[in-house]
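A closer look at the structure
Below are the chains, spelled out letter by letter.
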2 protein chains.
Amino acid sequence: MSVIDQDSPRVADRQSMPASGPSAAGDAQPAVTGVTATRDEVLESARRAKVAAAAVALLPRSVKDAALIAMADALLDRRVEILAANAIDVRAAQAAGTPDSLVDRLRLNDSRVEAMAQGLRDLAGLPDPVGTVVRGSVLPNGLQLTQIRVPMGVVAIIYEARPNVTVDAAGIALKAGNAALLRGSASAHESNLALVDILAEAGVGAGLPVDAVQLVPGTDRESVKHLMTARGLVDVIIPRGGAGLIQAVVNGSTVPVIETGVGNCHVYVDASADQAMALAILINSKARRPSVCNAAETLLVHEAIAADFVPAAVAALRQAGVTVHADPAVAGLVGGTEGTDGVDGVVPATAEDFDTEYLSLDIAAAVVPDVDAAIAHINEHGTGHTEAIVTSSIEAARDFVARVDAAAVMVNASTAFTDGGEFGFGAEIGISTQKLHARGPMGLAELTSTKYVVTGTGQVRASS
Amino acid sequence: MSVIDQDSPRVADRQSMPASGPSAAGDAQPAVTGVTATRDEVLESARRAKVAAAAVALLPRSVKDAALIAMADALLDRRVEILAANAIDVRAAQAAGTPDSLVDRLRLNDSRVEAMAQGLRDLAGLPDPVGTVVRGSVLPNGLQLTQIRVPMGVVAIIYEARPNVTVDAAGIALKAGNAALLRGSASAHESNLALVDILAEAGVGAGLPVDAVQLVPGTDRESVKHLMTARGLVDVIIPRGGAGLIQAVVNGSTVPVIETGVGNCHVYVDASADQAMALAILINSKARRPSVCNAAETLLVHEAIAADFVPAAVAALRQAGVTVHADPAVAGLVGGTEGTDGVDGVVPATAEDFDTEYLSLDIAAAVVPDVDAAIAHINEHGTGHTEAIVTSSIEAARDFVARVDAAAVMVNASTAFTDGGEFGFGAEIGISTQKLHARGPMGLAELTSTKYVVTGTGQVRASS
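In this convention, every chain numbers its residues from 1, walking through the sequence in written order. Both sets of labels track the order of writing: A upward for chains, 1 upward for ligands. pLDDT decides what is reported in this predicted model: residues at 70 or higher carry local features, side-chain atom pairs at 80 or more are listed and counted, and totals for whole chains, interfaces and linings draw on all residues regardless.

Glancing now at the overall build of chain A. Strands here mean DSSP runs of E at least two residues long; helices mean DSSP runs of H or I at least four residues long; both are numbered from the N terminus. When helices and strands are tallied, chain A shows 16 helices and 16 strands. For a compact globule the rule gives 2.2 Å times the number of residues to the power 0.38, and the radius of gyration it is set against comes from C-alpha atoms. The C-alpha atoms of chain A give a radius of gyration of 24 Å, which matches the 23 Å a tight globule of 464 residues would have. By principal-axis analysis of the C-alpha atoms, chain A measures approximately 70 × 70 × 35 Å. By the burial criterion, 62% of the 464 residues in chain A qualify as buried. By the criterion used throughout, residues are in contact when their C-beta atoms, derived from the backbone, lie within 7 Å. Taking the contacts inside chain A whose residues are at least 6 apart along the sequence as the reference set, 75% of them involve residues at least 24 apart. Counting other C-beta atoms within 10 Å of its own, a residue is labelled buried from 20 upward, exposed at 12 or fewer, and partly exposed in the gap between, with every C-beta atom placed from the backbone.

With that settled, the discussion passes to unusual backbone geometry. The backbone phi angle of His-437 of chain A is positive, close to 75°, even though this residue is not glycine. Position of His-437 of chain A among the secondary structure elements: in the loop between β14 (431-432) and β15 (440-441). Phi is positive for Leu-359 of chain B, which is not a glycine, with a value near 55°. Mapped onto the elements of the fold, Leu-359 of chain B is located in the loop between β10 (346-348) and β11 (362-368). For Leu-359 of chain B, a count of 24 C-beta atoms within 10 Å corresponds to the buried category.

All names here are of chain B. Position of Arg-78 among the secondary structure elements: in the loop between α4 (61-77) and α5 (79-95). On the neighbour-count criterion, Arg-78 (18 C-beta atoms within 10 Å) is partly exposed. Remark: the alpha-carbon pair of Arg-78 and Asp-344, spanning 266 residues in sequence, is separated by 52 Å.

Turning next to the interface of chain B and chain A. Taken together, the 55 residues of chain B in the interface contact 55 residues of chain A. For the side of chain B that touches chain A, the elements supplying multiple residues, two or more each, are α11 (243-252), α12 (275-287), α16 (394-403), β13 (408-413) and β16 (448-459) of chain B. The greatest single-element share of the side of chain B that touches chain A, amounting to eleven residues, is contributed by β16 of chain B. Residue polarity is assigned by list, with Asp, Glu, Lys and Arg as charged and Ala, Val, Leu, Ile, Met, Phe, Trp, Tyr, Cys and Pro as nonpolar; anything else, Gly included, falls into the polar class. Residue classes in the side of chain B that touches chain A are distributed as 28 nonpolar, 19 polar and eight charged. Two strands qualify as a pair provided DSSP detects at least 2 bridges between them. Taken together, the five bridges between strand β16 (residues 448-459) of chain A and β13 of chain B define a ladder with parallel strand orientation. When the bridges of β13 of chain B are listed, Val-453 of chain A appears paired with Val-409 of chain B.

The next subject is the sheet that holds strand β8 (residues 296-302) of chain B. Read across the open sheet, the ten strands follow the order β1(A)-β2(A)-β16(A)-β13(B)-β12(B)-β7(B)-β8(B)-β11(B)-β9(B)-β10(B); overall the sheet is mixed. Strands with a single pairing partner mark the edges of an open sheet, and in this sheet they are β1 (133-138) of chain A together with β10 of chain B. Adjacent strand axes in the sheet meet at a mean angle of 25° when their direction is disregarded. Only the contacting stretch of a helix is used when fitting its axis, a line to C-alpha atoms as for every element, and angles between N-to-C directions run 0 to 180 degrees. Helix-sheet contacts for α12 of chain B involve β16 of chain A together with β7 (265-269), β8, β11, β12 (386-390) and β13 of chain B, and the interaxial angle to β12 of chain B is about 160°.

Before going further, it helps to examine the packing of helix α12 (residues 275-287) of chain A against helix α13 (residues 303-319) of chain A. Angle between the axes and distance between the axes are the two parameters that describe a pair of packed helices. Residues and elements named next belong to chain A. With their axes 10 Å apart at the nearest point, α12 and α13 run at an angle of 40° to one another. Regarding the angle of α12 to α13, the classification is oblique. Here the hand of the crossing between α12 and α13 comes out right-handed. Counted together, Gln-275, Ala-278, Leu-279, Leu-282, Ile-283 and Lys-286 of α12 and Ile-305, Asp-308, Phe-309, Ala-312, Ala-313, Ala-316 and Leu-317 of α13 form the full contact between these two elements. Each residue belonging to the contact of α12 with α13 can be placed in one class, and the counts come to ten nonpolar, one polar and two charged. Small angles under 35 degrees read as roughly parallel and large ones over 145 as roughly antiparallel, with 65 to 115 read as roughly perpendicular and the rest as oblique. The sense of a crossing depends on the near helix, which, turned anticlockwise from the far helix by less than a right angle, makes the crossing left-handed and, turned clockwise, makes it right-handed.

Listed below in structure tokens is the structure:
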């Protein structure tokens with residue numbers, strides 16, 4: 001019941017990236033032309049968001065849930081309007097020669113609108129993180145100390161083509177008591193305008209402030225810059241999309257950023273692995289949904305079982321339609337040697353292959369001498385997302401878990417499980433691959449901060 | 001038993017700021033001249049820290065504690081060396097015409113070295129945050145999910161004059177399983193070199209990697225820039241010092257930053273306050289240690305009790321040596337009207353007074369019509385550090401707690417309690433005034449990240 005199903009937006013966000021690597025310009029700014037906005041306009045929007053955030057923060061769960069449900073109803077009631085706005089975006093994209101696969105992601109239809117509405121209803125069913133006591137105690141001097149969850153404030157989300165992110169992100173931000181500042185792509189601008197108008201109007205009807213959900217003015221690059229430097233007005237920026245977008249935000253932002261989602265994930269098959277289990281985990285990790293960030297991009301095999309496992313793995317990968325970018329050892333084991341002269345579907349790996357997030361039916365494969373080498377390879381080439389080991393050795397599992405530096409480490413399980421829905425968080429706004437604040441799937445709690453409340457009876461501190 | 005006693009370093013860090021506001025140049029770079037370092041040198045240092053961090057992360061508590069105690073012993077054993085190096089810094093500062101108060105903060109003596117050693121011993125006595133299970137469950141498919149605390153990695157601390165921060169910060173970072181990259185000021189460079197040499201050597205003797213504690217090469221401004229842009233090598237930067245230093249780091253860093261310590265704290269005395277309690281809290285908040293970040297800088301008084309309370313408060317503040325920067329209402333109540341023509345020790349408040357972190361025996365004072373106005377004033381002028389209300393009204397307390405946007409909110413208690421030691425955290429590395437990752441006193445847990453460990457028996461995810 002993941003509200004933002006990790007898979008869907010990831011497909012949207014990532015398929016625009018060429019398999020050979022991210023394109024900063026393409027990722028960050030699907031359209032250079034677009035609606036321009038001045039710095040003052042962007043800051044004014046952020047200022048109104050800050051005022052709205054103070055009000056949203058105080059709303060009880062009942063009002064927030066009623067607003068989410070009113071928004072869901074409004075999306076269905078006004079779907080004709082949504083689809084008409086979306087048709088403008090779709091026509092413009094087609095006129096610009098946008099590939100069909102991209103146009104398809106931009107396109108809304110009845111079932112997609114229904115899915116967005118259902119996502120909001122699901123959010124209404126989740127517990128409210130605000131007010132949760134994180135820790136508390138009575139201090140020796142009688143002061144009562146509690147650390148409670150409070151909303152983050154103004155949450156800005158910068159994202160790519162798919163209009164459903166507009167609704168999903170707004171819903172999650174609101175449920176956690178925040179105001180949402182949304183910055184979608186120029187290609188979805190008409191759709192996003194319609195969606196935000198509907199969400200805001202329905203929200204106001206249910207008791208939300210009018211500025212609780214806003215589309216950031218402008219679709220040009222400058223407006224993103226203004227947003228990224230609105231420190232003091234915006235509390236956190238979450239970029240959702242390809243590596244280029246994320247890097248641009250990380251490098252340009254003075255507002256705190258949470259990095260999400262670039263996943264160069266590995267499956268390491270240890271000497272002691274149950275090979276049937278390893279095959280199932282490998283194929284599931286790679287081929288279940290190749291375009292999502294938790295998909296495996298590299299297979300590492302312990303040399304002790306390489307002669308047995310590699311041929312079986314390559315055959316299974318080939319059957320799943322996966323091209324194997326093989327290091328010399330892997331190539332040698334399957335009779336492939338040199339590029340197109342080798343085995344069908346097996347090509348020699350270049351150095352770049354091991355740093356590539358393919359997001360496609362491709363996998364790099366190498367033989368490693370031991371678990372140490374696997375860990376070193378992963379810590380050098382991985383992106384800190386999800387790493388898996390298949391092993392029967394308690395020592396190898398312990399080593400791998402302790403030493404691999406990633407948001408999630410899987411022991412005898414598919415990388416595909418790194419997902420807020422699968423982890424039982426109910427909803428997620430992305431997978432953080434950084435170490436500060438949130439790491440791994442970010443649910444509602446990760447969109448909150450905390451506050452210490454200290455209640456006394458006149459205590460003063462000794463002069464020490 | 002706060003290891004970094006918030007008060008001490010704050011005094012050091014802050015007294016270099018002019019009362020009228022922060023000086024970016026003075027704060028960030030106490031000396032423009034100094035040892036230069038190339039970008040490669042700084043990055044090489046960060047790279048070695050990253051390698052060391054991977055090893056420190058795996059050390060059991062026993063080794064870390066033994067290292068902390070060995071370091072404490074070494075500081076005492078080699079105090080002659082420390083004091084000799086320090087004497088060079090002190091002489092240079094004196095030759096440069098540095099004011100005595102600043103020289104005093106730079107100066108080490110036997111008791112200061114002993115205090116640094118004791119701080120390390122206290123840290124050894126604290127529980128290890130690493131490996132703590134934050135949450136865990138068995139998922140419906142049988143996967144065992146645990147979120148565990150892991151070290152942050154490489155923690156960089158940029159700080160000002162006082163050499164004791166070198167030892168305190170290194171100790172806290174290490175206890176939480178991190179490598180420490182320390183960037184002190186040019187004025188303390190000889191002292192810091194000696195201290196780090198002693199810490200590193202003692203650490204190695206006890207089983208730490210040699211690069212677990214390093215002084216960042218260079219004392220020039222460029223070396224700070226290199227450090228702030230070493231993303232991927234440095235996991236977090238914590239600037240400790242005045243507003244100028246913190247702003248420079250926040251604006252220039254691509255490495256995640258945790259803002260600390262600027263505190264424009266308020267004491268609001270509500271209509272229903274017990275006035276004797278309010279007086280005690282006011283005087284303690286303001287005058288206990290005026291130079292620390294949790295000291296009160298503004299008094300707000302509800303108009304319903306202003307006629308009674310203001311004259312008493314001003315008299316008590318005057319008795320404590322505090323100059324009152326009074327708004328017209330406060331001035332009128334104490335017979336003061338116009339600047340030096342008014343009452344002794346009461347001067348008219350300018351607009352800037354209400355945005356000033358005096359860190360001295362000064363306080364701004366104003367009368368407000370109600371709790372709403374107090375909250376609005378605080379949210380406009382405060383820095384999100386600590387805000388206090390004195391009240392007998394449960395409604396006023398609830399409103400104030402819910403709506404004031406700050407790391408800590410005190411009800412009927414002094415602002416001076418915002419401190420890791422007072423909160424029972426044992427040690428702190430600073431007071432975060434931002435909302436991401438850590439807010440309020442930062443103890444050992446705040447110097448960790450988390451990792452999800454998912455253990456299965458071959459689970460793969462359904463296709464859906």
